[in-house]
Amino acid sequence: MKVLLKKFNKTKLSIRLIYIFVLILFLCSYVYLFKSLLLLNNIETTLRIIVLTFTGLLFLLYAFFDLLLLLTKKHKTVIVSSFIVLIISSFSIIGSLAINRIYVLLASMNKETVVYTTNLISLNGTEFINDESFNVGIINNETDIEGNVLAYELINKEKLNVKVEKYDTYFELLEKLYDGTLKGIFITSNYVTMYQTYDNYQNIGTDVKVLYDYSKEMKNQDYIESSGSVENPFTILLMGVDSASDGLNANAAFNGDTLMLITFNPHTLNATVFSIPRDTYVPIACLNGDSSKINSSAAYGTKCVINTVENLVDIKIDYYVKINFKGVVDLVNTLGGIDVTVPNGIKFCEQDSNRSHAANVLQCIESGPQHMDGEKALAFARHRKTLPAGDFQRVEHQQLVVEGIANSAKNLKNINDFYSVLDAVSKNMDTNMTTKEMMNLYNVGKSVIFGANKGSLINIQKTYLTGYDLTMYVNNLRSNVYTFQYYPQSLEEIKDALKITLETKKPTPIKTFNFSVNDEYKQTIIGKKYYTVQRNETIPNFKGQSIQYVKSWCEARNITVYVNSITEGATGYDETLENDTVTSQSVARGKLVKDVSTITVDVIKKSSSHVITTTHIPSESDNTTTTTTTIPGPTEGEDENTTSTTKEAEAEE
C-alpha cells in the first residue's frame, strides 16, 4: 500500500487532482441519486435498480482503471474518461434535482401547518367600548380554532374587558349581531366569502367592520389520516374553496358550495362522480345530527364536511382535496386549455376569478363544443344564477370540467409540463394524501398512457341526485331558506354506483336490451329519474287563520293543538284580528311537519261587544246584499270560549 501511495504521489499533480475531483464528484452524485431514487417508492422499481447498479459499477470501474491509467502515466486517457464520467455525474445530479423538486412540490400539497385567523367584527356605526357593556359572542366549542380558541387568545393579548357570551352556531352569532343583541362577534376572516351568498347577509362585506384580527400558524387541526391506498379502488372528496387570494394555506372554515365525491378503480380505470348540490338538506355531523344545507358544514371545517358526506353515502372517504377556485385557472392554462361541449341552451356571462364585473374581463359562454382557457373553465364551473336548473346544472358543468382536465392531463409530453402542472396546483391544494401515495398515482397514469388501454379515456360515470325544492325553517341557519330535498331512491342508485366502482358491491347484470341504429346514443346518468314519493310538508303561518281551521289542519297530520286565549290588554293581543283567530304560534313557520307532534297557538278572544261590517256596493247583476251582524259579548254564565261566526246573507232571486 505504501509503494502504491508513493507511485500515486509521483504522478503529475494536475492529472492527479482531476482524477480525485471527478472521483469525489462521482461518489457524491451517486449517493444523491441513490437517496433521490428511494423517494420514488414503487415507481419503476426494476428501472431504478438497473440505474443504481449500472452507476455503481461505473463508479468502481472508473476508480480502479483510471487509477491504473494514472499510475502508468496515460494522462490523455485519464482526461478523456474523467470527462465522460463528469458528464454522467452531471446527469445524475440533474436527475436527482428533478426528482427532489417533484417530491417537494407534492409534499407541499399536504399542508402540515395552517395560518388560522379570527376577526372580532361589529356592525358599522357601533362604537367599541372596552368594558362589560360591550358584549361579544363566541362559538361554544372549545375545539373551534377560529371561533373559540383564538378568540380567547385575542381577548388576553389585547386585554379586552368585554362581556363574552357563547352560542352554538355561526348563524346564531350573525343573527344576534344584526338584531343588536350582540355588539360584536368572533368569526373566521373568510366570513365575507362564506356568508354573502345568504340573503340575510348578502351585504356583509359593507355591513360590518373589523375591530381586531389575530392570526396564528398552527399544526393543521383539520387533518384526517387516510387508511386507503391508491393501488386499490379508493374514494376522494373534492371541496371547492372560493377565495379571492391565490393560495391555500389559511383558515379552517371555507365556502362549501362545491362538493364532489369521486370513486376510482385503478384496475378498470372507471370513475363515478357524485356532485352533491350545495343546498341538499342532510344531518350535519358536527351539529349533533341537526339537519341543514350540506354546504353549511364547511363553516366548521374539513372534518365536519367529510363526516357529513360519509353519513350521507355510507362510504368511507379515503382522501380529501381542498382546491382553491383560482387554482383551477392556473391548472387549465398549464394544460393548454380543456375541450368541453357546452350543453344546448346555455348562454351567460360570468365575472372573472377576481370577482370583477368589468366588461373587459367578463367570461361569456355559449352552447357547443369549444376549447376553454382557465378563466372560461372557471366561469363555466362557477356560474349558476341564470341557469334554468340553477345549482343542478352547475353540478353537471363541473363534472364536464373535471372530465376535460382529466383528458387534457394525459397529453403531458415532458417533465417541464409536469413541473408546470405541479407548480399550478401545489399552492392551491390541500390534501391528506401522502407524498408516497401521490407518487403511486404514477402507475395509474402510466396504465392510461402506455398500458393496455393506451389512447383510451378514463371512463367517467356521471350521476344526478333527483329531488324537489322546499323552502323551510332551518335551525342552524336561523331562518326560512331554500333547500333541496333529495329522493331516497335516487340517492340509493348513486350509492350503489359508487360502491360498484369500489368493488364493494357486485353490479346487476343486464340480460336484455333494445336499441335502434336510428337512436342517438346517450350515456346513462345514474339517479336521474323522477320518483313519485310523498314530499315533505312544512308548518304554514297560521296567523289570521281561524282556530277551527288550524285544528282541522293539524288533526289531519296527527299534530296536537294547545290553545292560549289572548284577551284585550294582554301581551300579544291584536285588535285587527277577528275573534277566534290565531295571533302567534309556538312552532316556527317552515318547520317540517314530520318533526312536529304538538303546537301551541295564541288565539284572540274578544270580550266586549263589537260590530263587524262588510261593505259591498252591488251592481245591477249582483244578487247579494250587505249584512251587518252584531256579535254581543258573553252574558252572565255564558262561556267566554263560545265561538261566534259572521255569515254573509244571500238575497233571493
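Model, not experiment: these values are computed from the prediction.

**Observations regarding the sheet that holds strand 19 (residues 582-585)**
Across the sheet, 3 strands lie side by side as 18-20-19; this open sheet has mixed pairing. Since the sheet does not close on itself, it has two edges, and those belong to strand 18 (560-567) and strand 19, each with one partner. When strand polarity is set aside, the average angle formed by the axes of neighbouring strands in this sheet is 30°. Pairing of strand 18 with strand 20 (residues 598-605) involves 8 bridges; the strand directions are parallel.

**Quick notes on the packing of helix 3 (residues 45-71) against helix 4 (residues 75-108)**
At a closest axis distance of 10 Å, the pairing of helix 3 and helix 4 adopts a crossing angle of 160°. It follows from the interaxial angle that helix 3 and helix 4 lie roughly antiparallel. The two elements helix 3 and helix 4 cross, and the hand of that crossing is left-handed. Two secondary-structure elements touch here, helix 3 through Leu58, Tyr62, Asp66, Leu69 and Leu70 and helix 4 through Thr77, Val78, Ser81, Ser82, Val85 and Ile88. In terms of residue class, the contact of helix 3 with helix 4 is made up of 7 nonpolar, 3 polar and 1 charged.

**A look at the pattern of salt bridges**
Scanning all chains against the criterion turns up 18 salt bridges. Between lysine 163 and glutamate 165 there is a salt bridge; the shortest N-O distance is 4.0 Å.

**Some remarks on the sheet that holds strand 14 (residues 429-431)**
Strand order across the open sheet formed by 6 strands is 14-11-6-7-8-15, with mixed pairing between neighbours. In this open sheet, the two strands that pair with only one neighbour each are strand 14 and strand 15 (459-462). When strand polarity is set aside, the average angle formed by the axes of neighbouring strands in this sheet is 20°. When strand 11 (residues 319-324) meets strand 14, the two strands line up antiparallel, connected through 3 bridges. Paired with valine 321 across the strands is threonine 431, a residue of strand 14. Docked against the sheet, helix 15 (residues 488-501) engages strand 7 (258-265) and strand 8 (270-276), running at close to 145° with respect to strand 8.

**Examining the side chain of glutamine 585**
Its place among the elements puts glutamine 585 in strand 19. Reaching out from glutamine 585, the side chain makes a polar contact with the backbone oxygen of proline 540 at a distance of 3.1 Å. Polar side-chain contacts of glutamine 585 include one of 2.9 Å to the backbone oxygen of valine 587. Other than its neighbours up to four places away in sequence, glutamine 585 contacts Ile539, Pro540, Asn541, Phe542, Lys543, Ile599, Thr600 and Val601.

**Notes on the pairing of strand 16 (residues 467-474)**
Here strand 16 runs beside strand 17 (residues 479-486); their pairing, made up of 8 bridges, is antiparallel. By the bridge assignment, aspartate 469 is partnered in strand 17 with phenylalanine 484.

**Concerning the state of the cysteines**
The tally for this structure, following the rule as stated, stands at 2 disulfides. With a sulfur-sulfur separation of 1.9 Å, cysteine 286 is cross-linked through a disulfide to cysteine 304. With the S-S bond torsion at -65°, the cross-link from cysteine 286 to cysteine 304 turns out left-handed. Here cysteine 304 lies in helix 9 (residues 302-313) and cysteine 286 lies in the loop between strand 9 (281-283) and strand 10 (291-293), a separation of 18 residues in the sequence. Between the sulfur atoms of cysteine 349 and its disulfide partner cysteine 364 the distance amounts to 1.9 Å.

**Overview of the packing of aromatic side chains**
Per the counting criterion, the structure on display carries 16 aromatic pairs. Relative to tyrosine 195, the ring of phenylalanine 171 has its centre 5.3 Å away and its plane inclined at 85°; by these criteria the two rings are edge-to-face. Taken together, the positions of phenylalanine 171 in helix 6 (residues 170-178) and tyrosine 195 in helix 7 (residues 191-195) put the pair 24 residues apart, joining distant regions of the chain. By relative accessible area, phenylalanine 171 is classed as buried at 3%. Measuring from ring centre to ring centre gives 6.5 Å for phenylalanine 171 and tyrosine 201, while their planes differ by 45°; the resulting arrangement is tilted.

**With respect to helix 6**
Most of helix 6 is tucked away, with 7 of its 9 residues classed as buried. Residues of helix 6 that are buried include every one of Tyr170, Phe171, Glu172, Leu173, Leu174, Lys176 and Leu177, and no others. Count one or two residues on from helix 6 and you reach glycine 180, which has phi positive near 90°.

**Observations concerning the confidence of the model for the protein**
Taken residue by residue, the protein gives an average pLDDT of 83. The fraction at 70 or more is 87%. In the predicted structure, residues 610-653 sits below a pLDDT of 50 and forms 44 contacts with residues beyond four places in sequence or in another chain.

Rules and cut-offs
- Residues numbered from 1 in each chain as written.
- Predicted model: local features only at pLDDT ≥ 70, side-chain atom pairs only at ≥ 80, totals over all residues.
- Heavy atoms only, no water.
- Pairing = 2+ DSSP bridges.
- Helix = DSSP H or I, 4+ residues; strand = E, 2+ residues; numbered from the N terminus.
- Axes fitted to C-alpha atoms, helices over the stretch in contact; angles between N-to-C directions.
- Parallel < 35°, antiparallel > 145°, perpendicular 65-115°, else oblique.
- Left-handed = near helix turned anticlockwise from the far one by under 90°.
- Contact = heavy atoms within 4.5 Å.
- Nonpolar A, V, L, I, M, F, W, Y, C, P; charged D, E, K, R; others polar.
- Salt bridge = Lys/Arg side-chain N within 4 Å of Asp/Glu carboxyl O.
- Polar contact = N/O pair within 3.5 Å; in protein donor to acceptor, adjacent residues only side chain to side chain.
- Disulfide = S-S within 2.5 Å.
- Phe/Tyr/Trp six-rings, centres within 6.5 Å; stacked < 30°, edge-to-face > 60°.
- Buried < 20%, exposed > 50% of the residue type's maximum accessible area, 1.4 Å probe, protein only.
- pLDDT = per-residue confidence, 0-100.

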